[in-house]
Structure formats: structure tokens, C-alpha cells
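Spelled out, the chains give:
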Amino acid sequence: MKRYHPVDAKGITTKFGRKFVHKDLNFHAEEGKITGIVGGSGSGKSVLMNTMLGLIEPQCGEIFFNGLSRKKLKRNDIRELNNSIGVLFQGGALFSSLTILDNILVPLREYTNLSEQLLRGIASMKIQMVGLTSEALDLYPSELSGGMRKRAGLARALALDPKLLFLDEPTAGLDPIAAHAFDELILSLKTSMDLTVVMVTHDLDSLLNTCDKVAVLINKQIAIIDSLHKVAKYDNPWVKEYFNGPRSRFN
Amino acid sequence: MIYDKYKLSVKDKVLLVDVTGSWTIKDIDNDISKFKANLDAYEYESVQYDFLKLNNLDTAGAFILSQALRVNPKDKCDWIICNSDEGYSTLMKLVIASISCSAGDKKRRWYDILTNIGKGTDRFFYELVETLAFLGQFFMVLMHFIFRPQKVRWKSVVALIEEIGVNAVPIVMTLCFFVGAVIAYMGVNLLAAFGASIFMVDLVGISVLRELAPIIVAVLVAGRSNSSFTAQIGAMKMRQEIDALKVIGLDAYETLVFPRALACIIALPILTFLGMMSGIFSGMLIAWMTMDISPILFLTRLNEAVGIESFWVGLVKTPFFAIVIAIIGCRQGLAVSGSVESLGSRTTQSVVQSIFAVIALNAIFAILFYQMGV
């Protein structure tokens, strides 16, 4: 039996008005690995992520999840699929009118039928899993710091035990210590929960620490997906600048 | 004890948990969720999990299994896993490291209602004091600007007058037209019975000029512009634009609040005047149509019986309404905190408070005018 990739984007073309964002782009993430997507600002990394999540409909091309095309899925299957995907948006995207507890319980309440006490227990476990204390449960998102909000967002993304996790700039706006801790958290969750992670990031340290594979988005296409050291040697002016520039760690 | 998906037994104070099948969030049924309750029958000091027959496990399942550890604030009891693959053990380790005594549920208590009444009263006075303080601040800024009128942001004042005043003219005139007509019809029915239908001119004139037009316009502006003040300023507050203003050295009060208040003060009397005209006009039409009171007779009677006094009584109130409306709208906007919910509740509060304030203020004016004999 052929093993399919958890997520596989084939021949994606996205256009906003007349401007192409992606032109015949191919991307895949390997199972059980962390794949980082890098690219300049405005190169369409977030658009790619949103396309894979089904938030943006590409003009051409298809997204396959474990070999199944999103387009061909029925309503119930899409629901099932969404349950197996967790997303952490850049700002956390927590519902600001709900407490952290209720935020985490939104997916759990929607898709399961468990007792309130058990739900609270599970939510409390998840919040501690991402490194917050259970005191944070009764706070509102506006009462948390940026780093805590990201962690709470991650707890919500992990609520239904997804197999595939999308992270949009998970360490942006965190101090180096918090960013490192967040990287470690992603790594430990990956091994213990057998996650496949797709991560859009600008953080070179984060790439170095966590990513098994790096995909480079240049000129509306993914130029290369490979291990970091091979990517760093890739012959392209932007890639060279990116990995060998003044802020690089590869020297 | 043997259950569907697990087997419990105790041997030498070690609880043996023999797990079968799939333990994921989708598999949690009655049987599994009673796991913790079923444990109460046993006495043990440590736990041994047997994962030989386990097919599938996720964090929710691991959480339920971990409840066997009888977590108390101080300590968890010892545990081991046998016959497990690497993945399940690391998952169990992660989950067990993450549990602690779960926080207690929040309960509604019987005295909640008393607490809420207390909080509500406290908030009422707090809001009252804060609004008065804000009003005081307004007069301070007003004093400041009276001596430096060139410093007022006239451009934004004019733009706001268009938004608050000019754009509201059609709705104000339509509403006052209807209200004037309704009053006139009421007068026709009542007064004709006494053969005193000419008094409907007094009725329409006094009620529209003294009370109805000012109140209707004020309530309309409170609903229309005051809510937009709160939403605009509140959204700016949420995006830290107010903070940015402060840092740049601009006073939010001078740049945002004062122009709005000034625009209201200018726009409201004009709107009220138009509303009065529209109300009187509709009364006049009704009088002509139903009672054959000609417009000339209507106007003569209006001049004799009602006079200019009522007009001024109605108009003099409006700048005060304007200040109160603008102040409440801006204050609520600046009081918005980070959450979307607070924006919504502040907008509601600002409309409710300003309508309340307008009506209360109008009552005070009524007493005042009565005492003054006008």
C-alpha cells in the first residue's frame, strides 16, 4: 500500500485579482515530521496555509489529505477532516468573549458528548500540557500576555487530538526564552502525540531547533523541500541571503 | 472487576488496570467515563497499567486512565506501564505530568442575586461619578479652548456636524412630522367633543415645541451618533490607537472628545429647530384637513396662545442634552477594554445611559421652568 502524505498540495494556483500568489505550486508534509515554510514577507506563506486549511479556494490544483482530495469530500467527511487538523493562528485567534476554558471547550463541546466535569478535567490537562497553570482557565484572552495567548491557542488547537497541526508564526513576538520554550513544547508534543506539523515561520532559531524539513517559497512556487542543511546550500540568491545573512546562525 | 474496556484488580496494594480496545475521545462512553467512580471500591498505593490489548490512545483517554493515580494536591501515587509501545508511554507521561488536582467547578450560590444587586448599585454610582468627572474635564478643556479658539480642530468639528446633523435631517423631520400629526389627531378627537377644537393649536404648539421635538431629536441622536462615538473610540482603544495618540503627545480629550461634543452642541439645536417646524407643519395640515382651521388662523392662534416662549424653552434645553450625549458616548468609548464583548456592552450602555440622562435632565428642566414660571 502506498503511504500518502498527511497533507499534499498539488499544482496550486492562487490569484488575487490579476496578481498571482501561487503558480503551479507543490507542497507536502511528511508524516510525523515538522515541516517549516519560509519565504519573504508577502511571498504567500500565509495564503498557502489558508489554502491548505480550505479558507481560500485556489483557482487550480487540489489539496490532498492522506490521499483524499478536499474537493471530493462530503460534508461529514470535511467535518471529520477538520477534527483531525489543529490550527494555531498568528495572534492565537482566541474568542475574546470566552474564557480560556470555554475557548478550549468550544471544539470539545461541539464534537463530543462528555460530562461537564470530565471536559473541565481534560481542558485543565491541556492547558498544563502547553505550560500554563490551571488558574489561566478562568481568565479572558485580553488578560493574558502574548506568549500565554499563543500557548492557550495551541491548547485549543490540540483539544481534539489532531494528527496534523498548522502553526502560523508560532514564535513571532515572543522573547527568545519564551520562543525557545515554545519550540521545545512543539517538539515534545510532536513526539508524544505523534503529530505532523506544518509551520510557517521567520524565526531561524526555530527552524534550526525544530524543523525536520524546510520548504522555501520563492517566485510563487516551493523551490525546495529538504533538510535544513541541504536547503541552506541551495543555489538561489534569496536563499543564500536568508541563511547566510547577518542574522543567520549557520556561519 | 471486569468492565467492557478495562479490568481492575488489586494485588499487594497494586492496582492492575488491564486496558483493551480503543481509548480516544470518540470512544468515551458511559463505561469509560465511570472509570474514576469504579476506582473508589479499591484500596491501593500504586498503579500498574497493562496496555497489551490497547489499540488506540489519545490524550483524553490517557487523562481518564491517569485519574487512577488519585491525584491530590500533594502527590500522585507511583505508576508503571507494561506491554506498551513507546508512543503510548510518552503520551501517558506527558498527560500525567500535566494533571493536577483539577480546579473546582464554579457554582451558583443562593446569595448570587444579592451579590449582583450590590455590584449593580456599586456600578451605578461608579458610572455616575465617572461621568460627572468626565463632564468636569470637558468644561476644563472648554475653558482652555475659549481662550485659544484657533486650537480647536475645526475640520473635524465640521465633518462631525455633517455626520451628526446634516445626515440626520431627513429622519428627524420625518419622525417629528409623524409625532405632530399624532398629537393633532388626539386633539381633534378630544377637543371637538367640547366644541373647543381651536385649542388643538395650543396642544400641538406647546407639546411639540416644549417637549416632543427636543426629546425626540435628543433620543434619536443618542441612538444614532452616540453609539457610533462609542464604537469608533472603542475600536481605536482596542487597537491601541488612543495609546499612540497619547505617546505622540496629543490629548485624546482634545482631539476626539471635544470636537464631538462641540459638533453635538451645534447640531442638536439646529436639528431640534427643524424638528419643531416639521411637527408644527404636520399639526397645521391635520387641523386644516379635519377641522378646517386654515393655516393663517392656525398661525395666528399659535402666536397668541403659545408664543415664542415655548419655542425658547424647548430650544434652550438642547445644548445640555448635546453635552450629556456626547460626553456619555465618548466616555464609554474610552472605557472599552481589550475584548470584543466590552465594546458591545459599552455601546449598549452608552445608548441606554444617554437616553436615560436626556429624559432625567428633561424632568429637571420641567421642574426648573415650573419654578421660574415659564
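Shown above is the structure to which this text applies.
Residues numbered from 1 in each chain as written. Chains lettered and ligands numbered in written order. Predicted model: local features only at pLDDT ≥ 70, side-chain atom pairs only at ≥ 80, totals over all residues. Heavy atoms only, no water.

Participant: Explain the overall build of chain B here, please?
Facilitator: Broken down by element type, chain B carries twelve helices and four strands. For a compact globule of 374 residues, the expected C-alpha radius of gyration is about 21 Å, and chain B comes in at 35 Å, more than 25% above that figure. In terms of overall dimensions, chain B has C-alpha extents of about 110 × 60 × 35 Å along its principal axes. Scored against the burial criterion, the 374 residues of chain B give a buried share of 44%. Considering only residue pairs separated by 6 or more positions, chain B has 82% of its internal contacts joining residues 24 or more positions apart. Per element, the accessible surface of chain B, about 19,800 Å² overall, is 64% carbon and sulfur. (Helix = DSSP H or I, 4+ residues; strand = E, 2+ residues; numbered from the N terminus. Rg over C-alpha atoms; globule rule 2.2 N^0.38 Å. Buried < 20%, exposed > 50% of the residue type's maximum accessible area, 1.4 Å probe, protein only. Contact = heavy atoms within 4.5 Å. Areas by Shrake-Rupley, 256 points an atom, 1.4 Å probe, with all protein chains shown as cover.)

Participant: Looking at this structure, how should I read the packing of helix H5 (residues 112–147) of chain B against helix H12 (residues 340–372) of chain B?
Facilitator: All names here are of chain B. H12 packs onto H5 with a crossing angle of 75 degrees between their chain directions and a minimal axis gap of 13 Å. Taken together, the axes of H5 and H12 are roughly perpendicular relative to one another. Touching Arg123, Glu127 and Thr131 of H5 are Arg346, Gln349 and Gln353, all from H12. Each residue belonging to the contact of H5 with H12 can be placed in one class, and the counts come to no nonpolar, three polar and three charged. (Axes fitted to C-alpha atoms, helices over the stretch in contact; angles between N-to-C directions. Parallel < 35°, antiparallel > 145°, perpendicular 65-115°, else oblique. Nonpolar A, V, L, I, M, F, W, Y, C, P; charged D, E, K, R; others polar.)

Participant: What is the right way to look at the environment of Gly307 of chain B in this model?
Facilitator: Residue and element names in this part refer to chain B. Considering the arrangement of structural elements, one finds Gly307 in helix H11 (residues 295–334). Accessibility expressed as a relative area gives 22% for Gly307, which makes it partly exposed. Sequence separation of Gly307 and Asp202 is 105 residues, and the distance between their C-alpha atoms is 9.7 Å.

Participant: What exactly am I supposed to notice about empty space enclosed by the protein here?
Facilitator: Over the atoms, a rolled probe matching the size of one water molecule traces out where space is still vacant. All names here are of chain B. Applying the stated criterion across every chain yields a total of one cavity of 30 Å³ or more. Here the largest cavity defines a volume of roughly 30 Å³. Cys176, Val179, Gly180, Val208, Leu212, Ala213, Ile216, Gly275 and Gly279 are the residues that line the largest cavity. Only helix H7 (169–192), helix H8 (200–238) and helix H10 (252–291) provide two or more residues apiece to the lining of the largest cavity. No other element matches the four residues that H8 contributes to the lining of the largest cavity. For the lining of the largest cavity, the class distribution of residues is six nonpolar, three polar and no charged. (1 Å grid on protein atoms, 1.4 Å probe; cavity = no way out; pocket = protein on both sides within 12 Å on 5 of 7 lines; lining within 4 Å. Points joined across faces, edges and corners; volume = space filled by probe spheres on them.)

Participant: Would you explain the interface of chain B and chain A in this entry?
Facilitator: Reports often express the size of an interface as the amount of accessible area lost when the parts come together. Counting from both sides, the interface comprises 26 residues of chain B and, opposite them, 25 residues of chain A. Carbon and sulfur atoms make up 63% of the area that chain B and chain A hide from each other, which totals about 2,100 Å². Looking only at chain B, the three residues that lose the most surface to chain A are Ile25, Thr59 and Ser98 of chain B, adding up to 26% of its buried area. In this assembly, chain B and chain A are joined by zero salt bridges. Broken down by secondary-structure element, the contributors of at least two residues to the side of chain B that touches chain A are helix H3 (59–66), helix H4 (86–98) and H12 of chain B. Looking at which element gives the most residues to the side of chain B that touches chain A, the answer is H4 of chain B, with six residues. Residues that form the side of chain B that touches chain A fall into these classes: eleven nonpolar, ten polar and five charged. (Buried area = accessible area lost by both parts, 1.4 Å probe. Salt bridge = Lys/Arg side-chain N within 4 Å of Asp/Glu carboxyl O.)

Participant: Quick question: what am I supposed to make of a nonpolar patch on the surface here?
Facilitator: Judged by side-chain polarity, Trp110, Tyr111, Ile113, Leu114 and Ile117 of chain B come together as a nonpolar surface patch covering roughly 620 Å² of accessible area. With respect to the element layout, Trp110 of chain B can be found in the loop between H4 and H5. (Patch = residues over 30% accessible without salt bridge, like charges linked within 9 Å, V, L, I, M, F, W, Y side chains within 5 Å.)

Participant: How should I be thinking about unusual backbone geometry in this particular structure?
Facilitator: Excluding glycine, a negative phi dihedral is what most residues carry, and trans is how most peptide bonds are arranged. Residues and elements named next belong to chain B. At Asp12, a position not held by glycine, the phi torsion is positive, near 50 degrees. Backbone geometry at Asp292 places phi at a positive 60 degrees, although glycine is not the residue there. In this fold, Asp292 is placed in the loop between H10 and H11. Residue class for Asp292 comes out exposed when judged on its relative accessible area of 65%.

Participant: Any chance you could explain the pattern of salt bridges here in plain terms?
Facilitator: Close approach of charged atoms lets side chains of opposite charge pair. For the coordinates displayed, the defined rule picks out 18 salt bridges over all chains. Residues Lys53 of chain B and Asp18 of chain B are paired through a salt bridge, measuring 3.4 Å at the closest nitrogen-oxygen approach. Here Asp18 of chain B lies in strand S2 (residues 14–23) and Lys53 of chain B lies in strand S3 (residues 46–57), a separation of 35 residues in the sequence. With relative accessibility at 41%, the residue Lys53 of chain B sits in the partly exposed group. Accessibility expressed as a relative area gives 14% for Asp18 of chain B, which makes it buried. Glu127 of chain B serves as the salt-bridge partner of Arg331 of chain B, at 2.6 Å between the closest nitrogen and oxygen. Of this pair, Arg331 of chain B sits in helix H11 while Glu127 of chain B sits in helix H5; the two residues are 204 residues apart in sequence, bridging distant segments of the chain. Ionic contacts of the salt-bridge type, sharing partners, join the residues Glu30, Lys33 and Lys213 of chain A into one network.

Participant: Just to check I follow, could you spell out the sheet that holds strand S4 (residues 60–65) of chain A for this structure?
Facilitator: Two strands in a sheet stick together by hydrogen bonds in their backbones, pointing the same way (parallel) or opposite ways (antiparallel). All names here are of chain A. Within the open sheet, the four strands sit side by side as S2-S1-S4-S5. Their pairing is antiparallel. Both outer strands of the open sheet, strand S2 (19–29) and strand S5 (68–69), are each paired with one neighbouring strand and no more. Two elements, strand S1 (residues 7–16) and S4, share four bridges in a ladder whose sense is antiparallel. Bridge pairing links Asp8 to Phe64 in S4. Against the sheet, helix H1 (residues 45–52) contacts S1, S2 and S4, and its axis sits at roughly 65 degrees relative to S2. (Pairing = 2+ DSSP bridges.)

That is the geometry; function is a separate question.
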